[in-house]
Amino acid sequence: MVRKKDHEINGAMYTFYEDGRVFGKSGKEINQRPNDDGYACFTAGKKGKRSKRTTHRIIALLFVDNPKGLPEVDHFDSNRMNPAAYNLEWVTHQENVRRAKEKGNYCGRYEGEKNPRAKLSEDKVRLIRQEYANGITQQQISNRYDVPWSTVHNIVNNHTWNSVV
């Protein structure tokens, strides 16, 4: 038998089933669609208070134990449109990213130059490594590229920008 739980979102009641289905108060199943990241989602709430919600997160909150208070939910089968409780597990952010990389599902959207806070380009990172290999000190490189010494240290020791070869 599939378990179900009622849950209020923005003043409206919904019935959630552990298999990932969602029903409104009228008893009609709510259509789910992929959001920009591919997760099953739906619009919830009373008129004037509606917002988009990811189904997997609510299903996990209602049906998946989280004794360690972990912050993120991972899909065992990597299918973001499958919000069934049996397919979900609470994980740390690091574990979620590691698993996604292992499964080939990590897009690295904010890695390297794609990170809005990045001050260096991949070409400059290659130059930094080359200059260090040619005997220029980390402090000299730091001054030349106007970045902290620790940034240069992390680059030349492959702690950061390790996707750049």
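Above this text is the structure in question.
Reference entry: report on the structure contained in this document. Note that the coordinates shown come from a computational prediction; the quantities given were computed from them, not determined experimentally.

Along the backbone of the protein there are five helices and eight strands. Secondary structure of the protein in N-to-C order comes out as β-β-β-β-β-β-α-β-β-α-α-α-α. Computed over its C-alpha atoms, the radius of gyration of the protein comes to 23 Å, more than 25% above the 15 Å expected for a compact globule of 165 residues. The principal-axis extent of the C-alpha atoms belonging to the protein is close to 70 × 35 × 25 Å. Expressed as a percentage of its 165 residues, the buried residues of the protein come to 35%. For the protein, the proportion of contacts with a sequence separation of at least 24, taken over those separated by at least 6, is 41%. Summed over all atoms, the accessible surface of the protein reaches about 10,800 Å², with 48% contributed by carbon and sulfur. The averaged location of the 20 negative side-chain charges in the protein is 6 Å from the averaged location of its 28 positive side-chain charges.

Another aspect to go through is the sheet that holds strand β6 (residues 51–54). Strand pairing within a sheet occurs via backbone hydrogen bonds; the two strands may be parallel or antiparallel. Spatially, the three strands line up as an open sheet ordered β4-β5-β6, and their pairing is antiparallel. If you trace the sheet from one side to the other, it starts and ends with β4 (33–34) and β6, each paired once. Here helix α1 (residues 55–63) sits on the sheet in contact with β5 (40–44) and β6, set at roughly 60° to β6.

Turning our attention to the pairing of β6. In this sheet, β6 lies alongside β5 in antiparallel orientation, the contact comprising four bridges. Directly across from Thr43, in β6, lies its bridge partner Lys52. A loop of six residues connects β5 with β6, the two strands running antiparallel in sequence, and Gly45 in this loop sits at a positive phi of about 115°.

Each value, and the rule that gives it
- Residues numbered from 1 in each chain as written.
- Predicted model: local features only at pLDDT ≥ 70, side-chain atom pairs only at ≥ 80, totals over all residues.
- Heavy atoms only, no water.
- Helix = DSSP H or I, 4+ residues; strand = E, 2+ residues; numbered from the N terminus.
- Rg over C-alpha atoms; globule rule 2.2 N^0.38 Å.
- Buried < 20%, exposed > 50% of the residue type's maximum accessible area, 1.4 Å probe, protein only.
- Contact = heavy atoms within 4.5 Å.
- Areas by Shrake-Rupley, 256 points an atom, 1.4 Å probe, with all protein chains shown as cover.
- Lys, Arg positive; Asp, Glu negative; His and termini not counted.
- Charge placed at Lys NZ, Arg CZ, Asp CG, Glu CD.
- Pairing = 2+ DSSP bridges.
- Axes fitted to C-alpha atoms, helices over the stretch in contact; angles between N-to-C directions.

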